[in-house]
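# Examining the three-dimensional arrangement
Spelled out, the chains give:
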Amino acid sequence: MSDLGAAGKILIVSGLALALAGALIWLLSGSGLFGRLPGDIRIERPGLTILFPLGSMCLLSIVLTVVANVILRILKK
């Protein structure tokens, strides 16, 4: 396979991974689960809300790692 073919394959996989991550974040934010897990920090003041979704990002990282490993195993066959 040429270098351009390998680069194209990487771009397709990266694009699919980004689309999946975007869809997952979109679905989680609509469910009310995103930002409300243990470990998520929420600071509310009058006129200001700051959210540090640490627990949600850890969960998302684990899910995306599993998905990436499954995709890579499928592509290697």
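For clarity, every value in this text was computed on a predicted model and none was experimentally measured.

Our focus in this paragraph is a nonpolar patch on the surface. Residues Ile-41, Leu-48, Ile-50, Phe-52 and Leu-54 make up a contiguous nonpolar surface patch of roughly 420 Å² in combined accessible area. The greatest single-element share of the nonpolar patch, amounting to three residues, is contributed by strand E2 (residues 48-53). Note on placement: Phe-52 falls in strand E2.

Next up on the list: helix H2 (residues 54-76). Between the first and last C-alpha of H2 there are 33 Å, a value that for 23 residues agrees with the 33 Å anticipated at 1.5 Å per step. Within H2, burial applies to Gly-55, Ser-56 and Leu-60.

Residue placement: Asp-40 occurs in strand E1 (residues 40-45). Here Asp-40 occupies a buried position and makes no salt bridge, while the nearest side chain of opposite charge, Arg-42, is found at 8.2 Å. A distance of 2.8 Å separates a polar side-chain atom of Asp-40 from the backbone nitrogen of Leu-37.

Procedures and definitions
Residues numbered from 1 in each chain as written. Predicted model: local features only at pLDDT ≥ 70, side-chain atom pairs only at ≥ 80, totals over all residues. Heavy atoms only, no water. Patch = residues over 30% accessible without salt bridge, like charges linked within 9 Å, V, L, I, M, F, W, Y side chains within 5 Å. Areas by Shrake-Rupley, 256 points an atom, 1.4 Å probe, with all protein chains shown as cover. Salt bridge = Lys/Arg side-chain N within 4 Å of Asp/Glu carboxyl O. Helix = DSSP H or I, 4+ residues; strand = E, 2+ residues; numbered from the N terminus. Expected span 1.5 Å × (residues − 1). Buried < 20%, exposed > 50% of the residue type's maximum accessible area, 1.4 Å probe, protein only. Lys, Arg positive; Asp, Glu negative; His and termini not counted. Polar contact = N/O pair within 3.5 Å; in protein donor to acceptor, adjacent residues only side chain to side chain.

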